[in-house]
Amino acid sequence: VTMVTSAVMILVEGQPLPWKDAKKIMANGELFLQKLVAVSPDTVTPKQLKALMPYVRSPVFRPETIVPICLCAAKFCAWVLGMLEAYRWRSGQGHQRLSLLEPRQTLASENPLTMSASALGSELSAS
């Protein structure tokens, strides 16, 4: 969970944050949701991309690995991976599939990678 939170903070705040600081940011649900929605593949910087690579290259940084531990963290993990995939497509590297993102055999409606930040926030606030 802390690994996923650190990756989310890289996209939201520009750098990984200690769990204590990340909890403070996430505690203000409305502001945190606004920050999530503001993240776009177009706003990902090379510095953020570099900072995310150790996380996303980890074999445990996969939604299906994290879901038995924490569903919420698994959805955030999918969001991070989805942002990186969208970044690669938008930057013209879409044909170079990230080796860490193996094709999944899920329906589009079940695929957390297709979930927008606002849908993710709605689902989180419902739980």
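The text that follows walks through the structure, step by step, so that each part is easy to find. Predicted model only: the values in this text are computed from it and were never measured. (Residues numbered from 1 in each chain as written. Predicted model: local features only at pLDDT ≥ 70, side-chain atom pairs only at ≥ 80, totals over all residues. Heavy atoms only, no water.)

Observations regarding helix H6 (residues 71-90)
In plain terms, the rule: A run of H or I in DSSP becomes a helix once it reaches four residues, and a run of E becomes a strand once it reaches two; helices and strands are each numbered from the N terminus. Multiply 1.5 Å by the residue count of a helix minus one, and that product is the helix's expected span. A simple rule labels every residue: compare its accessible area, found with a 1.4 Å probe on the protein chains alone, to the largest value its type can have, and call it buried under 20%, exposed over 50%, or partly exposed in between.
The end-to-end C-alpha distance of H6 is 28 Å, a good match for the 28 Å that 20 residues give at a rise of 1.5 Å each. Most of H6 sits inside the fold, with 15 of its 20 residues counted as buried. Where H6 ends, the next residue or the one after it, Gly92, has phi of about 80°, a positive value.

Things to note about the environment of Arg90
Following the sequence through the fold, Arg90 ends up in helix H6. Between the C-alpha atoms of Arg90 and Asp42, which are 48 residues apart in sequence, the distance is 7.3 Å.

Section: the pattern of salt bridges
We apply this condition: We define a salt bridge as a side-chain nitrogen of Lys or Arg found within 4 Å of a carboxyl oxygen belonging to Asp or Glu.
Here the structure, examined in full by the defined rule, presents one salt bridge. For Glu13, the salt bridge identified is with Lys35, shortest N-O distance 2.5 Å. Of this pair, Glu13 sits in helix H1 (residues 2-13) while Lys35 sits in helix H3 (residues 29-38); the two residues are 22 residues apart in sequence, bridging distant segments of the chain. Judged by its relative accessible area of 30%, Glu13 is partly exposed. Taking the relative accessible area as the measure of exposure, Lys35 reaches 26% and is therefore partly exposed.

Points about the environment of Trp79
Structurally, Trp79 can be placed in helix H6. When the C-alpha positions of Trp79 and Val8 are compared, they lie 8.4 Å apart, and in sequence the two are 71 residues distant.

Looking at the packing of aromatic side chains
The description of an aromatic ring pair rests on the distance of the ring centres and on the angle between the ring planes. Inclusion rule: Note on aromatic pairs: the rings of Phe, Tyr and Trp (six-membered ring only in Trp) are paired at centre separations within 6.5 Å, and the planes decide the class, stacked below 30 degrees, edge-to-face beyond 60, tilted for the rest.
The final tally for this structure, using the stated rule, is one aromatic pair. Ring centres 6.0 Å apart and planes at 50° place the aromatic pair Phe32 and Phe76 in the tilted group. Placement of Phe32 in helix H3 and of Phe76 in helix H6 is noted, with a sequence separation of 44 residues between them. Neither residue differs from the other here; Phe32 and Phe76 are each classed as buried.

Regarding the nonpolar core
This is how the line gets drawn: Only buried residues count toward a nonpolar core, which is a set of Ala, Val, Leu, Ile, Met, Phe, Trp, Tyr and Cys residues joined through side-chain atoms within 4.5 Å.
Formed by 30 residues in total, the largest nonpolar core has its most connected members in Val4, Val8, Leu11, Phe32, Phe61, Trp79 and Val80. Broken down by secondary-structure element, the contributors of at least two residues to this core are H1, helix H2 (19-27), H3, helix H4 (46-56) and H6.

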